[in-house]
Amino acid sequence: MDSFKLTNISSALTLRTAHKKGGRRLSHEDLDIIPNAEIVYDREKILWLGKKEELPPAYGPLPSIDCQNGMVTPEIVDCHTHLIFGGYRSEEHSMRLGGADYEEIAKKGGGILATMKATGELSSDELFALGMKRCERLHSYGVGTIEIKSGYGLSRDKEYEISHVIHRLKTALAPGIQIHNTFMAAHAVPPGFSSSRKYLREVVLPLLEEMAKEGILDSVDIFHERGYFDEEDVKLLFSKAKELGIPRRSHADEFGDNGGASLASSYGALSADHLLQSGPDGMEALARSETVATLLPGTGFFLGKKPAHAREFLDRGVCVAIGSDYNPGSCHFDNVLQIASMAAPLYGMNLAELWASITLNGARALGLKNQGAIEIGLAPRFSFFRTQNIHDISYFWGRNLAFEVGLGAGG
Ligand code: NIG
Ligand code: FE
């Protein structure tokens, strides 16, 4: 199998010890940085890493990829996006600046249902083209693994179509960009259904069953919030998903503490997301489980809400990730590295916690335990930055230091 060597690396952020600790209870030392590093890998895994002068002679002749004296980090993961959507909702943002709130706007016909209409007007090819453009933009920030949720179709046919658009993106972008396909038809109840249960039983569950057979889904998600889907809906969906072998995740405890985090962890969910209002029970349930707490600070900023109690999650030993939640309503912002850099001081996160939240723990939120650190045996997924020191990347949060490397002419 072809092997390669990354050379001319000013330093490599490895997160090797963070990986051994499962991404929990991290301190500054867990950054585990190697100066003047070289990294050897084949298409599947990392074979060697260390200081340049310690490179085993057998690897000397391998084709080299010049990292231009920049930094290498584990690949950045955005583990929560809704990037397949039509139209924008800028006027809602201005309405919120004028005092209206997210739930009020949704009741007046804005919110997810407004985007459902705009998305319905676009063909599958148009949604694919938008998806490509958006994924490439995220990639330009150094993001290499992207979770994408369906959820603006909200009918049997349009949800089916959107899940297939995501699958097309996944195929077209691999292996450079890795897509995780999440089915979220349970995003809102469309007009014409008298209850969330009716919509769930008539559309969501049968479609999940149908697409499970096609094998294109990586996980299922549900908006477990008042006015959207209740506990019983979550149980129905998660039981079905479990039976079909599809991993679960949920939007939980955002508007209020409804036990969403505990419920998700009791079904072995990959992640519970938002968690602005989770109380001690939810936090403890997450700490005792493998379910990742995905915090979405961009949404809190955009909606003007108080931040999640991140420090409390972290101190209880919860595995914490940060996602962008990129969508046209509650967070029209798509750079997860910038969001994490802005949120870290507010959350009281140290630098190892910041980096783990958008690499290692983001990957765990997607069930990808073979990536997220630079360590022998793990998948060779990296991000590259034009700087010589790790402090610069989150410090320059208004600028994009990411760049791409490739085999030179001789390689
Ligand atoms: O995570 N359930 C919420 N989904 C998005 C909001 C979607 C929208 O407002 O269009 C969220 O915040
Ligand atoms: Fe979301």
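The structure this text deals with has already been given above.
Residues numbered from 1 in each chain as written. Chains lettered and ligands numbered in written order. Predicted model: local features only at pLDDT ≥ 70, side-chain atom pairs only at ≥ 80, totals over all residues. Heavy atoms only, no water.

Taken together, the side chains of Phe301, Met342, Leu346 and Trp397 present a nonpolar region at the surface, about 370 Å² in accessible area. Looking at the secondary structure, you find tryptophan 397 in the loop between helix H16 (390-395) and strand E14 (402-403). Of the residues examined, tryptophan 397 reaches a relative accessible area of 40% and is grouped as partly exposed. (Patch = residues over 30% accessible without salt bridge, like charges linked within 9 Å, V, L, I, M, F, W, Y side chains within 5 Å. Areas by Shrake-Rupley, 256 points an atom, 1.4 Å probe, with all protein chains shown as cover. Salt bridge = Lys/Arg side-chain N within 4 Å of Asp/Glu carboxyl O. Helix = DSSP H or I, 4+ residues; strand = E, 2+ residues; numbered from the N terminus. Buried < 20%, exposed > 50% of the residue type's maximum accessible area, 1.4 Å probe, protein only.)

Below, the discussion takes up the coordination of the iron ion (ligand 2). Coordination of the iron ion (ligand 2) by the protein involves His80 (NE2), His82 (NE2), His251 (NE2) and Asp325 (OD), with metal-donor separations of 2.1 to 2.3 Å. Of note, the donors binding the iron ion (ligand 2) are all from one chain and are spaced H-x1-H-x168-H-x73-D. Taken together, the positions of histidine 80 in the loop between strand E5 (76-78) and helix H2 (90-97) and aspartate 325 in the loop between strand E12 (320-322) and helix H13 (336-347) put the pair 245 residues apart, joining distant regions of the chain. Taken as a pair, histidine 80 and aspartate 325 share a single burial class, namely buried. (Donors = N, O, S within 2.8 Å, 3.2 Å for Na, K, Ca; no water.)

So, on to unusual backbone geometry. The phi angle of most residues is negative, glycine excepted, and most peptide bonds adopt the trans form. With an omega dihedral of 0 degrees, the bond running from alanine 174 to proline 175 counts as a cis peptide bond. Counting through the fold element by element, proline 175 comes out in the loop between helix H6 (156-173) and strand E7 (178-186). The backbone of leucine 154 shows a phi angle near 60 degrees, a positive value even though the residue is not glycine. With respect to the secondary-structure elements, leucine 154 resides in the loop between strand E6 (143-149) and H6. Look at leucine 154 and you get buried, because its relative accessible area is 3%. The backbone of leucine 275 sits at a positive phi, close to 60 degrees, despite the residue not being glycine.

This part takes up the packing of aromatic side chains. For the structure on display, the rule yields 15 aromatic pairs. Ring plane angle 85 degrees and centroid distance 6.0 Å describe the contact between phenylalanine 85 and tyrosine 88, whose orientation is recorded as edge-to-face. Between tyrosine 395 and phenylalanine 396 the ring centres are 5.1 Å apart and the planes differ by 85 degrees, which places this aromatic pair in the edge-to-face class. Pairwise contacts between aromatic rings join Phe4, Tyr41, Phe382, Phe384 and Phe403 into one cluster. The positively charged end of arginine 134 is found above the aromatic ring belonging to phenylalanine 85, 3.8 Å away from the centroid. Above the face of the phenylalanine 403 ring, arginine 386 is positioned so that its terminal group lies 4.2 Å from the ring centre. (Phe/Tyr/Trp six-rings, centres within 6.5 Å; stacked < 30°, edge-to-face > 60°. Lys NZ or Arg CZ within 6 Å of the ring centre and 35° of its normal.)

Here we come to the pattern of salt bridges. Following the criterion strictly, the structure yields 32 salt bridges and no others. The partner of arginine 16 in a salt bridge is aspartate 32, with the nearest N and O atoms 3.1 Å apart. Pair noted here: arginine 16 is in helix H1 (residues 16-20) and aspartate 32 is in the loop between H1 and strand E2 (33-42), with a separation of 16 residues, a long-range link. Taking relative accessible area as the criterion, aspartate 32 reaches 19% and is therefore assigned buried. As a salt-bridge pair, lysine 158 and glutamate 161 come within 2.9 Å of each other at their nearest N and O atoms. Of this pair, lysine 158 and glutamate 161 both sit in helix H6, three residues apart, roughly one helical turn. Sharing partners across several salt bridges, the network here consists of Arg24, Glu290, Arg364 and Lys369.

On to the site of ligand 1, then. Surveying the vicinity of ligand 1 reveals 14 residues, the closest of which are Arg89, Tyr102, Tyr152, His187 and Ser330. Between an oxygen atom of ligand 1 and a side-chain N or O atom of aspartate 325, the distance comes to 2.9 Å. Contacts to ligand 1 include serine 330, whose side-chain N or O atom sits 2.5 Å from an oxygen atom. (Near = heavy atom within 4 Å. Polar contact = N/O pair within 3.5 Å; in protein donor to acceptor, adjacent residues only side chain to side chain.)

Further remarks concern the packing of helix H5 (residues 124-140) against H6. At a minimum axis separation of 10 Å, H5 and H6 run at an interaxial angle of 45 degrees. Of the possible angle classes, the one that applies to H5 and H6 is oblique. Viewed along their axes, H5 and H6 form a crossing whose handedness is right-handed. Across from Ser124, Asp125, Leu127, Phe128, Gly131, Met132, Cys135 and Glu136 in H5, the residues of H6 making contact are Lys158, Glu161, Ile162, Val165, Arg168, Leu169, Ala172 and Leu173. Of the residues in the contact of H5 with H6, the class split is nine nonpolar, two polar and five charged. (Axes fitted to C-alpha atoms, helices over the stretch in contact; angles between N-to-C directions. Parallel < 35°, antiparallel > 145°, perpendicular 65-115°, else oblique. Left-handed = near helix turned anticlockwise from the far one by under 90°. Contact = heavy atoms within 4.5 Å. Nonpolar A, V, L, I, M, F, W, Y, C, P; charged D, E, K, R; others polar.)

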